[in-house]
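If you want the building blocks of each chain, they are given just below.
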Amino acid sequence: MSNAIDKSIVLMGCKHCGKSTQGKLLAQKLSVDFFDTDDEMTRLRGMDARTLYRTKGVAEFTLAEEEACREIIKNNIERQIVIATGGGICDNPPALNALRACGTFVFLRLDIKHSVGRVMEKIEEPFPGTFKGAPAYVMNENPKTLKQIEEILMEKYRNRYQQYQTIADVVVDIKKAPIEENFQILLGALNIR
């Protein structure tokens, strides 16, 4: 695992697993720059990732995500960096290919029920059947209840976990624990002292 430290580190996993938080800490520890693919998409397209997905659709979002990954790599080809990816990058092979050339893929695996719970905490139902804060890909399924949203998320995350486990070079089990404790787990998995 000693070569992980020599390559850029690409953090992957479902929404709210700590990719950005852990990525910033890791970049600071390694004294390298941190990039978030969603932030890069916002910079390139002039709108945040959620708005882009909702207003322009899946195809345009996927293309923007690939462009963001290519741009990050192109501008940092000779340097080690830390990259946090969007929760659905496992569904975007061209974006993954852009990152694969330079990076060690690290899957931050948080218990699925806890992952889904974190997303559900952010969803409001101001009126029956009307939801705020739900991911656009969930709303595309036209859920009628919070329970249906939870079921859609569980199914989506089960599929994504299988994909991430397949493509990851390193799998790190993130706990429902303080940030620093999870950071120590990440450092141990990457053999960084």
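Summarised in this report is the structure supplied together with it. (Residues numbered from 1 in each chain as written. Predicted model: local features only at pLDDT ≥ 70, side-chain atom pairs only at ≥ 80, totals over all residues. Heavy atoms only, no water.)

**Some details on the overall build of the protein chain**
The helix and strand tally for the protein chain stands at 9 helices and 7 strands. Relative to the compact-globule value of 16 Å for 193 residues, the protein chain shows a C-alpha radius of gyration of 17 Å, a close match. Overall size of the protein chain, expressed as C-alpha extent along the three principal axes, is 50 × 35 × 25 Å. A burial count over the protein chain gives 45% of its 193 residues as buried. Residue pairs in contact within the protein chain that sit at least 24 positions apart in sequence constitute 71% of those at least 6 positions apart. Of the charged side chains in the protein chain, 27 are positive and 26 negative, and the gap between their average positions amounts to 2 Å. (Helix = DSSP H or I, 4+ residues; strand = E, 2+ residues; numbered from the N terminus. Rg over C-alpha atoms; globule rule 2.2 N^0.38 Å. Buried < 20%, exposed > 50% of the residue type's maximum accessible area, 1.4 Å probe, protein only. Contact = heavy atoms within 4.5 Å. Lys, Arg positive; Asp, Glu negative; His and termini not counted. Charge placed at Lys NZ, Arg CZ, Asp CG, Glu CD.)

**A closer look at helix 6 (residues 112-121)**
Those residues of helix 6 that sit buried are Ile 112, His 114, Ser 115, Val 116, Val 119 and Met 120. Where helix 6 is buried, its residues meet strand 4 (103-110) and helix 8 (146-167). Among the residues of helix 6, the N-terminal cap falls to Asp 111, whose side-chain oxygen and the backbone nitrogen of Lys 113 are separated by 3.1 Å. (Polar contact = N/O pair within 3.5 Å; in protein donor to acceptor, adjacent residues only side chain to side chain.)

**Quick look at unusual backbone geometry**
Both trends apply: most residues other than glycine have a negative phi, and most peptide bonds are in trans. One non-glycine residue, Ser 31, lies in the positive phi region at around 60 degrees. The residue Ser 31 is located in the loop between helix 1 (19-30) and strand 2 (33-36) in this model. In the Ramachandran plot, Asn 142 falls in the positive-phi region, its phi being about 55 degrees despite a non-glycine side chain. Along the chain, Asn 142 turns up in the loop between helix 7 (136-139) and helix 8. On the basis of relative accessibility, which here comes to 52%, the residue Asn 142 falls in the exposed class.

**Examining the sheet that holds strand 4**
Spatially, the 5 strands line up as an open sheet ordered 2-3-1-4-7, and their pairing is parallel. Two strands bound the open sheet, and with one partner strand each, they are strand 2 and strand 7 (170-174). Neighbouring strand axes in the sheet, compared pairwise and without regard to direction, differ in orientation by 25 degrees on average. Judged from the 3 bridges that link them, strand 1 (residues 8-12) and strand 3 (residues 81-84) form a sheet pairing that is parallel. Note that in strand 3 the partner of Val 10 across the bridge is Ile 83. (Pairing = 2+ DSSP bridges. Axes fitted to C-alpha atoms, helices over the stretch in contact; angles between N-to-C directions.)

**Focus: the side chain of Gln 22**
Following the sequence through the fold, Gln 22 ends up in helix 1. What Gln 22 contacts, discounting residues up to four positions off in sequence, is Leu 11, Leu 108, Ile 179, Asn 182, Phe 183 and Leu 186.

**A short note on the packing of aromatic side chains**
This structure, assessed with the given rule, holds 3 aromatic pairs. Relative to Phe 61, the ring of Tyr 53 has its centre 5.3 Å away and its plane inclined at 75 degrees; by these criteria the two rings are edge-to-face. Phe 61 carries the same exposure label as Tyr 53, and that label is buried. Plain terms: the ring middles of Phe 107 and Tyr 161 are 5.3 Å apart, the flat faces sit at 85 degrees to each other, and that makes the pair edge-to-face. Placement of Phe 107 in strand 4 and of Tyr 161 in helix 8 is noted, with a sequence separation of 54 residues between them. Just as Phe 107 is buried, Tyr 161 falls in that class too. Put simply, the rings of Phe 107, Tyr 161 and Tyr 164 touch in pairs and so form one group of aromatic residues. For the cation-ring pair, Arg 100 lies above Phe 105, with the distance from its terminal atom to the ring centre recorded as 3.8 Å. (Phe/Tyr/Trp six-rings, centres within 6.5 Å; stacked < 30°, edge-to-face > 60°. Lys NZ or Arg CZ within 6 Å of the ring centre and 35° of its normal.)

**Regarding helix 4 (residues 58-75)**
Spanning 18 residues, helix 4 covers 26 Å between terminal C-alpha atoms, matching the ideal 26 Å at 1.5 Å per step. Looking only at helix 4, the buried set comprises Phe 61, Ala 64, Glu 65, Glu 66, Ala 68, Cys 69, Ile 72 and Ile 73. (Expected span 1.5 Å × (residues − 1).)

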